[in-house]
Amino acid sequence: MAPRELKQERSARTRAAILKAGAEVFAEAGFAGASVSGIARRAGLTLGALYFHFQSKEELAREIVRAQPTQVPVAPDARGLQAAVDTSVLWATRLLEDPVLLAGARLVMDQEYFVDPHELNSYQQWVDVLLPFLREAAERGDLRDEVAPEALARLVVNAATGLQMNEQLSTGRRHLPDRVREMWQFLLPLITTGKSSVRIAEPLRPSGT
């Protein structure tokens, strides 16, 4: 491997280590309680190495929030409403032990400190993830005529956010996948037509739950 490629590989590994350490610290301490020096220590790096990749704690938090959807890969053959359901259940399941998703859940109420009002925030980001699936469902005739995909996407994200916050207080989020499944069990009969054949899969439990 050429020296330039080795340098790029080392840089990518360092950046990934910072993101992982940052996610862990933000998940544990929140935005206000996290420090750049603490994140650098967790990553096993100097402050200089961290600042080479991220100029501030705010920039690192924004990057972690933006990375959340990449942690929830939906099956490539999932389409429409099924994909929206699968995405939300998979998010709830992976959040139990994925540091990036845990950090996103902790940072959701702190975004005013690091996200500009004109930037895409975590809420709108997840709405944008679900919206193409729900629009496809509407085009296929799976949603009732009175159900607007945009309003449904907002409702699902709002409900899922509230569920994870309540579950954090009551069970440490252990039952979050079940609560998200229950949400869809109530919603689906209200929003779908007879053409829909959506299944709400049992969540795959992470180890230790």
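Heads up: the structure comes first, above all this text.
Residues numbered from 1 in each chain as written. Predicted model: local features only at pLDDT ≥ 70, side-chain atom pairs only at ≥ 80, totals over all residues. Heavy atoms only, no water.

S.K.: How should I be thinking about the overall build of the chain in this particular structure?
M.R.: Across its full length, the chain carries nine helices and zero strands. Reading the helices (α) and strands (β) of the chain from amino to carboxyl end gives α-α-α-α-α-α-α-α-α. Looking at the chain as a whole, 41% of its 209 residues are labelled buried. Accessible surface computed for the chain: about 11,400 Å², of which carbon and sulfur atoms make up 53%. In the chain, 25 positive and 26 negative side-chain charges are present, and the distance between their average locations comes to 5 Å. (Helix = DSSP H or I, 4+ residues; strand = E, 2+ residues; numbered from the N terminus. Buried < 20%, exposed > 50% of the residue type's maximum accessible area, 1.4 Å probe, protein only. Areas by Shrake-Rupley, 256 points an atom, 1.4 Å probe, with all protein chains shown as cover. Lys, Arg positive; Asp, Glu negative; His and termini not counted. Charge placed at Lys NZ, Arg CZ, Asp CG, Glu CD.)

S.K.: Looking at this structure, how should I read the side chain of Asp 110?
M.R.: By the secondary structure assignment, Asp 110 is in the loop between helix H6 (99-107) and helix H7 (122-139). In this structure Asp 110 touches Gly 30 and Phe 31, once residues within four positions along its chain are discounted. (Contact = heavy atoms within 4.5 Å.)

S.K.: Before we go on, may I ask you to explain the environment of Gly 22 in this structure?
M.R.: Within the fold, Gly 22 resides in helix H1 (residues 3-33). Since its relative accessible area comes to 0%, Gly 22 is described here as buried. For the pair Gly 22 and Met 109, spaced 87 residues apart in sequence, the C-alpha separation works out to 17 Å. Apart from residues no more than four positions distant in its own chain, Gly 22 is found in contact with Ile 39, Leu 60 and Ile 64.

From the geometry alone we can't say anything about function, so treat these as descriptive.
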